[in-house]
Amino acid sequence: MTDSNAPSGSTTSRDGRDCSAFQRALRQFINNLPEKSKKGALIQACTSGGNAVTAESINECIRRVEERRTSRHKIEKFLSPVVRVLRAYDGVINSLVSVDPMPTALIWGALKVVIDGVDRFTSLFETIRTELVTLTVQITHINEYEDLYGKSEEMQNILCKSYINMFRFWHQVDKECGRCRAIVFSFRNTKLQKIIDNLQSNVDHIKEQGSIIEARRAEDERQRGRVEASKADQGRIETRHSFQEVRAEQQKERRDYYYSATQSWIGLQEWNEANNCIRHRNNLNARQRGTCDWLARHSVYSGWQNGITNPSIFWLHSPPGFGKTFLCSHALQLIKDSDPHVAVTYHFYREEHHTGCETLRILAGQLLECYGKHSTQVDEKLYLQTQRRTCSLENIQELITILVESLPRTYFFIDGLDQEVSPHSRWTEALTVLDFLVRLSMKSPDKVRIWCSSQSQPCIREKLKDVIMFDIKDQLGVRDDVTLYLSRVMSRYYPELDQEADEKDRLLEHLQKRVDGNFLFASLMIDDLEEEAGSLTDLQEFIKQGDLPKTWDDFYRKKFEKIAPPMRRLAYNVFALVAFARRPLRVKELREAVGLLQSKTPHSPKAADMPLIRRLRQLFSPMIEVQIGGSDHDLDDSPCRLFHSTVGNFLMKNSDVLGHNLPITRRIIADACLGYLSQSRYAELLTVSGGEWCDIRGENMDQHQFLLYAAKYWDKHLDHVPESEELHRHVQTFITSSNFQTCIQVQSLGVEHKFAVFGRYGDEDNQAYPLRVFPQWFTKDQSIPSKQGAKLCRDYHRFVHDWRHLLAGEVGEIDRCWWAALGPRNFLSRWHGRYTSFIYQADEDAHHGSWQDYDGVSMSSDQLKRLRLHSRYNDSLEFICEHWSLPVGDRAPILEKKQTISAHAKATNWFLYSKYSGDESTLRIGAAAPAMFSPDCRFLRIGAQLFALDDQGTYVAMPGPHVESEPYPADVEVFAFSQRYAVVTRRRNTKNTNQRATRDRKNNDFNKRIKEETNSVAPVSEGGDDEESSADSESDFSYASSVDSADRAYETWSECSTEYEDDFEDDVIAPWTVPVDGDSSDSSGLESEGNMSDADQSEEPGSESVSEDADFPTSAVVGYGHWHSDDEDYDLEGEGTHHQIRLARRPWTRGPRDPQVSLTVFNTECSPPSRIFYFSYKVSSMIFASPPVVHPSEPLVVWPLGGGEVLFADFVANTYFLRKLRPSTRYTKHVFMKCHFSSCGLYLHMASLEVQRKPASTSQRNAERDPLKIALLVSTYRICGHKTTKSPPTLIHRVKVHMGFAKSLSVSELPYTLTWMPTELYFTCSSKVLRVYRIRLFKNPDRLDKTWGEHDVLMPKRTIFLPGTASQRKVYYFPPVVGSTKARVIVGSEVRAYDVEMDENLFGGQHDNIPRGVPEQVDALGVDLSPPIGCYLDETDDFGGWANSNNCLDIPEALGIGKLDRRRERFDYEDDCDCSSSNLDDPTPSFKPVTAWICSK
């Protein structure tokens, strides 16, 4: 019901239990008021009004009252206590509000009524101040107890009484205020004090009740605790069971995963199930009940089975037809059923040829299945040994050994060894299996038992002469089985014989003598009797007359003679195909092949030419067996084979059994394969339609049943066909036709490992061999046809050598191959492809390449020069130089001229570049190439001698500087020309200790490689050697003694006076602020130079140590980027005020062993040319392939020196300055730094290749190192227009590209090329696919193509395949030129491997093992090495345009990356290490530079 006196919105039930304590108290208070009183007057006054009464409204009331009263009395002294009470009471009011909104209205409303009554009683607040303070305390206690125990019914009743007393208090205050008049009556607070006492009593009751409730709660908590403890115990039990179940499930999942992964690694499960298992089941089903049981009772066999007799190898043999295979299946099934714990594996040798490894894989798969049945889990070691290795012969043998050791006993059953006797290659593979099993049984004779069953061949008898031999030919059990078989068959065919037992026994005896215990002969005889004898009388007469065949040949000849003449041509084809197939043909394959052979239009046969299945059924029985399911559809997809090997032997000896004009020979299946591939529908490549490969008629490739077999075996069947001129011509016509191109495509799509290379087991040289693809007789002799065939074979191997990766990838799109790039004399070059390719080779010139071939490609790609050493006689050298031009458009290159260049070894210092021992030459690793061209191909260097193009486009020796001139360097690395100035440079070690590098003729790993066996040098980004090399003092330079002081350059630079807007102006924090330990870092994978003591030189690779303190981030060393690490988070120890780092134990200083670089500039207009500038400098570390560049209009040369330092030299003013480019990450070194000036001369571009590898800790020293992380940093700098040669350039743009990872990187033949364009850089990697990065050089997008968007790096959208050898050759990419829409890709020459000589000091004794050139087995095949080749590509049509590359990396701001930093004053460890000390007794302590404290603020 609703109380009329209750505030609006307040509801209660009849018993009031739904109301809060405060609402109940309010209702009772109002109901208990006398009738004559103004019922609820105070309540109505408190809750009336539109706005709620708040503390702010109370303060406003006080202010108004004070203003009204100021004319009579000053009431501040009365109001100030009220204000203090209100402040004290504010917290209580807020607490009550959260429980019920009514207390707020009543309490604040009552206070407002009282304050309004100040006009009636001026001393009100002073009078009731004590009561107000007491009331505040009591209400605070009440509120707290209500929060704690308000849900208790007893507590609710006490709280209700407390609130009633509170209402009575305010009602009494209001009542007294109404009764009294100002100054006339006094305020009576006796009743107020009584109410306060009652309220105190309520509070005491509340406290007592709270104690009781607390005790009850404690008991309840204890009871709940006991219940929870019981539940927890039960939960733990359930959890334990659940955990055990989960763990068991996890173990089962892990076991299943290990098992399936190991099974997948073994492979061949499908073949085993489809052949071995089916044959075994068929043998069991075909065995007559009651036969073969005698074997288990024979003492010889039972002794072997039970492990009683030794050796553990059992050889059951007999002539063909005595049931050896049936006995094998029966014996292995008998062992399986008798003891389920043993492992039984088996293999039936038949027509299919398996290598030894494949056979062992079949056995291993069965062993693993047995292992899985008997073991609850797969050993993790077993799993790891399979997953970390390839499935080679040695590894599969090891796996079988492990499995055998894990099983209680293992039986190996091998049947049909005689099937592998011929040819010899098959017997060799079978011996691989047999020898391994014999070794296994000798090692564990109690655990391994081996069964072999075969015919008795001499080679088998010799191999198994020491084992248990068991000849079953004369065994009574066999004869009894044959008798049982004949008895049952005769009873089935002639049931009336069962009524005449004596006659039946007489006939059986007669037949038994004839078959002589041979099951096969008995079954054939029964078939013959069934055809000849239609009644019992006929049977008796037939046997008495002795018309039964006496030999195998008689029986088979009789069967063939019974074939009707109209069926003989069909039988002629069918039996030839089935008998000589290299694997069992499926019926649908057989039908297609026969249809082709019988077709009147073999180039375009029809489906109607194929024989009907019912016709084939008539021919099959009994000499061809088919594994069918019953229907014709099942028959069409079923394999068929000769039912016994004796049929094949008969056909080999009696090929004319169907007539002299129908000889059953191997030529039939060879013609079928070759004719099938020569069909007109294969004259063009297969294409993809609807996701399927189709021929030119639109027919799905899967509908061509005989296609895969013909593509795989066509040449193998021709091996056994006698060679003839006609056949030779036929084969050559096919090979040179476009049908052979389709054949290669089909092989790529459907023939496994057709283009792989193979090795021989035990071959110490690891020689690799490709598969033979042409008939043996096609290339074997020296006749003219065979020579032509050998030429075709070499051309084919040249093609596969280049494109094996595409063919083996099952891509099928062989039109992507660069056919024309194979050379004009290669027959495959006439085939059509998707791209227009070309080769830099004249039709009449197809010389074999050599290692001394040198290419030069001009920056515009329109010129290519090719130099090769033609002959050497004593000190005379003769080179052939080819001058090629590439016209605009999709045109082939033109050979402009061939030039013979004669040079002298002394004039070129040739023997400094290439050393000879007889006719063998060696090159020094890391040294300059013996010959090279300038970027524009206008100049050529041979040794140290320079040549230039004259007006006729011929290279002539430049007059003037030569090696005999004193200022001219003896060995020149790179050179540059600008107008009349020539710049030559060299990089060398002052100590030139060379050692012969042993060439690995197995893998051709001979070049210098960035490898992990290096001496420790400080990484550039960590300071170390760079810290020292940044202190560029004049004393660090060395000069030739013949150069006077006037020629000496001096270091000078000035700031550019031109104002430029520089986005990187604040990005100037240098990385060389703090020195670090030069020995504590690692350049694993990079060269080691400098800072090597004698002890360092004598250490073996890998023996050097790395300081345990080397592994700290750059941020803790150099203090850059506000202690920010660029590629991982780094927590500084301590509170952030000081951080400890390691200083150099032995600071790097330039010494006599350090690499030295020099640059010389000549004025070529003088006669003789004079040296006008010379610079020599010792660097901390080497860089490679970093030539100098000359400004297009100013006498400024820029040359990267090494260690990040770059030389800027004004060679006319004879001044220079150095700047330093820091690597972008820590543990990083520069490999090369290539510079390029824009054509306007206003910008300098710099591309730096960086390699990064974290140094190995002591525990990781012998572990496999992390790969090198390779990145390219491209920076653009603005050149000062007023002080071009004096002012350092300003960084305006930078891009960083991630180039991937590599275990090592060749610095002798870096696999990268750069193509500079006005606004872009094309960076190309040597790879089997086109990897080109299009990098913009300016950040202003208005100057670039709209395709860039917001990106800085682009890559082709589609994959473009390159020749496989392109991964070891230079690859150049040139964008479309004016007048053409096609880009150009040029792949440099392929060279032979060569011996090298290694400079120990230059590279710290490292080996550069990236193979340069082709493998030796290619030379053994007579393959011509490829000259430079190329291809035209449309950037839109061919690779789909350009897309953003995800390889673009973010560069942290404010780290100085890309900034060319100025020199800094060097820290001298002897003079500058003057540290203060708190020890006053030792004001000048001696410090060792081991540790330092760096303040972070």
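Located above this text is the structure these notes cover.
To start, this report covers the structure provided alongside it.

Definitions and limits used
Residues numbered from 1 in each chain as written. Predicted model: local features only at pLDDT ≥ 70, side-chain atom pairs only at ≥ 80, totals over all residues. Heavy atoms only, no water. Helix = DSSP H or I, 4+ residues; strand = E, 2+ residues; numbered from the N terminus. Buried < 20%, exposed > 50% of the residue type's maximum accessible area, 1.4 Å probe, protein only. Areas by Shrake-Rupley, 256 points an atom, 1.4 Å probe, with all protein chains shown as cover. Arc of directions from axis to C-beta. Pairing = 2+ DSSP bridges. Axes fitted to C-alpha atoms, helices over the stretch in contact; angles between N-to-C directions. Phe/Tyr/Trp six-rings, centres within 6.5 Å; stacked < 30°, edge-to-face > 60°. Lys NZ or Arg CZ within 6 Å of the ring centre and 35° of its normal. Left-handed = near helix turned anticlockwise from the far one by under 90°. Contact = heavy atoms within 4.5 Å. Nonpolar A, V, L, I, M, F, W, Y, C, P; charged D, E, K, R; others polar. Polar contact = N/O pair within 3.5 Å; in protein donor to acceptor, adjacent residues only side chain to side chain. Parallel < 35°, antiparallel > 145°, perpendicular 65-115°, else oblique.

When you go through the chain residue by residue, the secondary structure sums to 40 helices and 50 strands. Taken over 1497 residues, the chain has a buried fraction of 53%. Accessible surface, the chain as shown: approximately 67,900 Å² in total, 48% of it carbon and sulfur.

Okay, helix α26 (residues 613–620) next. Residues of α26 that are buried: I613, L616, L619 and F620. Buried residues in α26, looked at end-on, bunch into an arc of 115°, giving them a common side. Set apart from the buried face of α26 by more than 90 degrees, the exposed residues are R614 and Q618.

In this section: the sheet that holds strand β43 (residues 1371–1374). One open sheet holds the 4 strands; their spatial order is β13-β46-β44-β43, and the pairing between them is antiparallel. Only two strands of the sheet have a single partner each, and these edge strands are β13 (836–839) and β43. Within the sheet, the average angular offset between the axes of one strand and its neighbour, ignoring direction, is 20°. The pairing of β43 with strand β44 (residues 1382–1387) spans 4 bridges and is antiparallel. Within the sheet, the bridge partner assigned to Y1372 lies in β44 and is I1386.

We now examine the packing of aromatic side chains. The tally for this structure, following the rule as stated, stands at 56 aromatic pairs. The interplanar angle of 80° and the centroid separation of 4.8 Å between the aromatic rings of Y1243 and F1338 together place this pair among those described as edge-to-face. Of this pair, Y1243 sits in strand β36 (residues 1243–1252) while F1338 sits in the loop between β41 (1331–1336) and β42 (1353–1356); the two residues are 95 residues apart in sequence, bridging distant segments of the chain. Take Y1243 and F1338: they sit in the same class, and that class is buried. One aromatic cluster is present, formed by W714, F734, F740, F774, W777, F778, Y796, F799, W819, F827 and W831 through successive ring pairs. Just above the ring of Y259 sits the side chain of R255; from NZ or CZ to the centre is 5.9 Å. A cation over an aromatic ring shows up here: K1234 above the ring of F1232, its NZ or CZ 5.1 Å from the ring centre.

So, on to the packing of helix α21 (residues 519–532) against helix α23 (residues 552–561). α23 packs onto α21 with a crossing angle of 35° between their chain directions and a minimal axis gap of 11 Å. Judged by the twist between their axes, the crossing of α21 over α23 is left-handed. Residues L520, F521, L524, D527, D528, E531 and E532 of α21 form the contact with α23, whose participating residues are W552, F555, Y556, K558 and K559. In terms of residue class, the contact of α21 with α23 is made up of 6 nonpolar, no polar and 6 charged.

What follows is about the side chain of H1293. Here H1293 shows up in strand β38 (residues 1290–1302). A distance of 3.3 Å separates a polar side-chain atom of H1293 from the backbone oxygen of R1336.

Judged by pairing direction, the sheet is parallel, and its 5 strands sit side by side in the order β2-β3-β4-β1-β5 without closing on themselves. Here the strands that pair on one side only, and so sit at the sheet edges, are β2 (343–348) and β5 (468–471). With direction set aside, neighbouring strand axes in the sheet form an average angle of 15°. In this sheet, strand β3 (residues 410–415) lies alongside β2 in parallel orientation, the contact comprising 6 bridges.

Before going further, it helps to examine the pairing of strand β39 (residues 1312–1316). Counting buried residues along β39, 5 of its 5 residues qualify, which places the element largely inside the surrounding structure. Side chains of β39 alternate between two faces, with Y1312, L1314 and W1316 and T1313 and T1315 buried alike. Two strands pair when backbone bridges link them, and β39 and strand β40 (residues 1320–1325) are joined in this way by 5 bridges, in the antiparallel orientation. By the bridge assignment for β40, W1316 is matched with L1321. Between β39 and β40, which pair antiparallel in sequence order, lie 3 residues.

A separate point is unusual backbone geometry. Backbone torsion omega between N310 and P311 reads 0°, so that peptide bond is classified as cis. In this structure, P311 sits in the loop between α12 (299–305) and β1 (313–317). A cis geometry characterises the amide bond from S422 onward to P423, with omega recorded as 0°. Tracing the sequence through the fold places P423 in the loop between β3 and α17 (424–443). Phi at Y1227 takes a positive value of approximately 50°, unusual for a residue other than glycine.

A few words on the environment of Y485. With respect to the secondary-structure elements, Y485 resides in helix α19 (residues 476–493). Relative accessible area serves as the criterion here: at 14%, Y485 is assigned to the buried category. When the C-alpha positions of Y485 and S523 are compared, they lie 8.8 Å apart, and in sequence the two are 38 residues distant. Ignoring sequence-local partners within four residues, the contact set of Y485 consists of Q288, F519, A522 and S523.

Relative to each other, helix α24 (residues 565–580) and helix α25 (residues 587–598) sit at 130°, their axes nearing to 10 Å. Here α25 runs oblique to α24, going by the angle between their axes. Classified by chirality, the crossing of α25 by α24 is right-handed. When α24 is examined against α25, the residues L570, N573, V574, L577 and V578 are found in contact with a partner set consisting of L590, A593, V594, L597 and Q598. Its residues assigned to classes, the contact of α24 with α25 comprises 8 nonpolar, 2 polar and no charged.

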